Amino acid sequence: MAEPAADPAVDQPADRPPASRPEPSFRRFLRNLPLPALMPVLALIAGCGLSVLAMLQSDRLLTREEEHRFATRAEEIHGQLADRLQVYQQVARSAASLVMTFPDLHWTQWSQFVEALDMPRRYPGIISVAYARAVPATRSGDLVAAMRAAGLTNFRIWPESAGAERVVNIFTAPVDEANVRAIGFDMMSEATRRSAIERARDSGEPAATRAITLKIDEAAGAKPAFILYQATYRGDPLPPSLEARQASFTGVVLVPVRIGPLVDGLVDEKQPDTGIEIYDVPPAEAEFPLYRSRRPLETTAAISLMRELPVGGRVWTIRYDSLPDGVLTAHEWVPGALLAGGIALSIALSLILRMMLATHSRAVELAGEMTASLRLQEAERQQLFTQAPLGIALVGTNGLLTDCNPAFAAAAGLVREELLGTDLRLRFGDQASVFALEAALQGESGKLESDQPLVLGGRRSHFSLHFQPVTLTEELKFVLAFAEDIGDKRRAEQHIQYLAHFDALTGLPNRVLLFDRIAQALREARREGSKVAVLFIDLDRFKVINDSLGHSFGDEVLRSVARRLQSGLRESDTVGRLGGDEFLIVLRRVTEPEDAARVAEKVVAHLASPFTVGGQNFVVTPSIGISLYPDDADDPEGLIRCADIAMYHAKENGRNGFRFVTKEMGARSRERMDLEGSLRDAIREGQLFLVYQPQVDTLTGRIVGLEALIRWRHPEEGLILPGRFLPVAEETGLVLAMGDWVLFEACAQIRRWRSRLDLSIPVAVNVSGAQFRDGQLPAKVARALDANGLSGPELEVEVTESTLIDDVESAAATLGALKQRGVLIALDDFGTGYSSLSYLHRLPIDKLKIDRSFIHDLSTGASDASVPRAIVGLGRSLGLSVIAEGVETQEQLQLLRDLACESYQGFLFSRPVPADEVERLLARQGAAQPVAVE
């Protein structure tokens, strides 16, 4: 304290503080003050001092609390952003796993996978999920051809200049105008993308680019974004070495992410108290941040925190700012209020102390709430661990199991207490699991499947195991072991595989497996110079058994026939069922035709003894046709066709016997050749014409559709029905030209009816197997519709199920293209072929048609209605409409009504009639109704 002006000459002692003792003049001043004045002065001095101390203390406490609250808020936002990016990297890994699991993945399946992710809702910021395939520049043309063959007719690789290696974007979803523009882009043509792809390839982990402008955004303006790349490999999901990863590299899954939508939503817009700035380089080197949250103009951050976040091998620097939110805070008014109250009133001290105590209590309360919140989070994590359906175990660095959830114990088939403390390296039932755990203890994650007991002493099943090391500052803390029992899934897959290759009724190989067995036998015969015999067996008058005893008896007879056919054959020979009452025997290593004849005689002999089914005795005789490789044909289809021809000759010669195919049997083929020449003239000279059979609602009797049927008016023979010329057309390939004519003529007739009658019911057109498989059907349908100004739902395409089953994947792609154009799809002759749900639910079908063979004797008994009833129920369960064809009697119609079949066609309502007669029927029925456009 400075000396009073009244005594400036007095100096303080050098060894004592300057203000340790009042100067004499100051003591005199205090002594001379009266007591009433002294007390207020002392009270004012004490009050001011205490007020200043209280103000400073409260300011420190409130500042500390605000900093702590903001730090908690910033850490919460930082954690959410890190979790969101981790999930996005998992999306890239999942998509890469799909590509590696299914190397021949089609772009439509890719779209279905991506659409199931529901990205706009679950993954904001992700624009698309795409796949780019690695291809040498010298093989670029092969990739373009393959993609165009898969349905992307305009596919090209751009830019055209390229290095030795290309990584070309071939799949992208969701499919929209913006994403499609990126198809064909060579990722290696740009340095930023190339660098990230090489990091992803060499590391096997997701790699991110620095901030870029996406190709789809270049025309619309800069929108900061980055791309996550996940490499895919051939064979091993993660090859163990850098050289192996580079050698087996097949491409990358890329996940473009816009940074704005990624971060938006982490900060509440109604309480903008936290500002976020993101940099992908050190802030001092960045001209502008990648992202800056909205904030009031000219605001200054009270508190700022800097955090780093790893993103796909890069590091983001994130700055969090505490911003004013327009609300007066305690930090702004409490210290001033304390000071003003202490100076103004003598009781300010008690108020200030009370305020300080209140502030302290509030701080303690906040600390208690935070502690309770942390305990709640810990309890929730423990509950998640305990109730997770996936088996989870924690393995220490010494290999001992330290904890596991109930799901892991249930998978192992042991109680949790028995598992704790065990060394899994000694208790695993599969040595491969031991090696995987050892690798995880060394820091390498691993996945495998095992059909051994999960732990010795437990139950046996099929398990999927995943070992994930958990590290902190590059030090292994523990290993997470995930176990999933996939035994039921494996058994279901095996059952599906069995159903795809074996006949469900007899257990014999079906058509698919028979063709494969014949192909194997032919390859073996070519190597050894031997022969292969094919015996085509058809049961004589089997329809009589079905009609007289019912289908259940017929099924039992077929099973008995199958057992007899299998007896006596060599292990190398194959007997299978083509369908109905037709069987096939494939004989390998045949040296002479007599070998096949002896087998045929044995078959006749085995079937000669009576069958006993349900107390009924009867005899079933076979007609057998025999063809030989290489004498008669050199491919499976040709051998079966020749054996089929010989079988029909066996029937014509009295049945219950066998015939070899001969040249004389080709006489009928020559007749077919003459018919082929006339058919070519008919197509060229316009002798073909269409008739239309109405499709009628079973309840109202109103016309709900029309089926276009082809007819031939021969200039000499007159009317020739399709049953005579369609087989020739299919065999010679003329069915393609004929089908194109029918398609365009039907669309032209629809246009004429719409202009005159406002026609609004669909017209069905039959598509042959050759038409369906040539790959041009969607384009031809589109041209026919566009040429006649039709939108698509006016046309219905009918395909037989035997056409679809040959190649379900290709069929699904073709039908999908037709559905995109708006065309309706009907499955014709349903029930006569495979009738399998394994493919039916995968195809975009609108209608099932019950074959006329099931309708013919529908009114004869309840058992005969089982197949139509099943088809109607199947259609209803799948949301499909069902129509019956070949309805000729009122009894059949009434039974269809009882089965709730929606519509029918047949002679009961009308025969197929010319177009002018259809117009009269439509006018009389008033059938024009709006077509539902899907």
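See the structure above.
Anyway, here's the lowdown on the structure attached to this text.

Definitions and limits used
One numbering rule holds for all chains: residues counted from 1, following each sequence as written. A pLDDT threshold of at least 70 governs which residues receive local features in this predicted model, and a stricter bar of 80 or more applies before side-chain atom pairs are shown or counted, although totals over entire chains, interfaces and linings include all residues. Note that water and hydrogens are dropped before the side-chain values are worked out from all heavy atoms of the structure. Going along the chain from the N terminus, every DSSP run of H or I of four or more residues is numbered as a helix, and every run of E of two or more is numbered as a strand. Three exposure classes are used, based on accessible area relative to the maximum for each residue type with a 1.4 Å probe and protein chains only: buried under 20%, partly exposed in between, and exposed over 50%. The salt bridge definition used is simple: a Lys or Arg side-chain nitrogen within 4 Å of an Asp or Glu carboxyl oxygen. Pairing of aromatic rings covers Phe, Tyr and the six-membered ring of Trp, with a centre-to-centre limit of 6.5 Å; geometry is then stacked below 30 degrees between planes, edge-to-face above 60, and tilted otherwise. What counts as an axis is a line fitted to C-alpha atoms, over the stretch in contact for a helix, and the angles between N-to-C directions run from 0 to 180 degrees. Put simply, angles under 35 degrees are roughly parallel, angles over 145 are roughly antiparallel, angles from 65 to 115 are roughly perpendicular, and the rest are oblique. By convention, the crossing between two helices is left-handed when the near helix turns anticlockwise from the far helix through less than a right angle, and right-handed when the turn is clockwise. Working rule for contacts: check all heavy atoms of both residues, and any pair within 4.5 Å makes them a contact. In this classification, the charged set is Asp, Glu, Lys and Arg, the nonpolar set is Ala, Val, Leu, Ile, Met, Phe, Trp, Tyr, Cys and Pro, and all remaining amino acids, among them Gly, are polar. The pairing criterion is simple: DSSP has to find at least two bridges between the two strands.

### Structural notes on the environment of Q890
Then comes step 1: You can see Q890 is positioned in helix α32 (residues 890-898).
Then comes step 2: For Q890, a relative accessible area of 49% gives the class partly exposed.
Then comes step 3: Distance from Q890 to F909, taken between C-alpha atoms, is 9.9 Å for residues 19 residues apart in sequence.

### Some thoughts on the pattern of salt bridges
Where side chains of opposite charge bring their charged atoms close, a pairing between them can arise.
Then comes step 1: Under the defined criterion, the tally for this structure stands at 41 salt bridges.
Then comes step 2: Here R166 makes a salt bridge to D186, at a shortest N to O gap of 3.5 Å. One end of the pair, R166, is in strand β2 (residues 165-173); the other, D186, is in the loop between α6 (177-180) and α7 (191-203), with 20 residues separating them in the sequence.
Then comes step 3: Put simply, R589 and E528 hold a salt bridge, and the shortest N to O gap is 3.4 Å.

### Some remarks on the packing of aromatic side chains
Then comes step 1: Within this structure, the stated rule accounts for 11 aromatic pairs.
Then comes step 2: Geometrically, the ring pair formed by F428 and F467 is edge-to-face, given 5.9 Å between the ring centres and 80 degrees between the ring planes. Note that F428 is positioned in the loop between α14 (424-427) and α15 (431-441) and F467 in strand β13 (residues 463-472), a separation of 39 residues in sequence. The burial state of F428 is the same as that of F467; both residues are buried.
Then comes step 3: Ring geometry for W712 and F725: centres 5.7 Å apart, planes at 85 degrees, overall edge-to-face. Residue W712 is found in strand β23 (residues 703-714), and its partner F725 is found in helix α23 (residues 722-732); the two are separated by 13 residues along the sequence.

### Focus on the packing of helix α24 (residues 734-757) against helix α33 (residues 915-925)
Then comes step 1: Viewed as axis vectors pointing N to C, α24 and α33 meet at an angle of 40 degrees, and their least axial separation amounts to 12 Å. Taken as axis vectors, α24 and α33 run oblique relative to one another. As α24 runs across α33, the sense of the crossing is right-handed. Note on element contacts: α33 touches α24 through A915, V918, E919 and L922, opposite Q749, W753, R756 and L757.
Then comes step 2: Looking at the contact of α24 with α33 residue by residue, the class counts come to 5 nonpolar, 1 polar and 2 charged.

### Quick look at the sheet that holds strand β3 (residues 207-208)
Then comes step 1: If you walk across this open sheet you meet the 5 strands as β2-β1-β5-β4-β3, and the pairing is antiparallel. In this open sheet, the two strands that pair with only one neighbour each are β2 and β3.
Then comes step 2: Sheet topology note: the strand β1 (residues 129-136)/β2 ladder contains 8 bridges and is antiparallel. Looking across to β2, one finds that A130 is bridged to T172.
Then comes step 3: Together, β1, β2 and β5 (249-258) form the strand contacts of helix α3 (residues 107-117), whose direction differs from that of β2 by roughly 60 degrees.

Shape descriptors only; they carry no functional weight alone.
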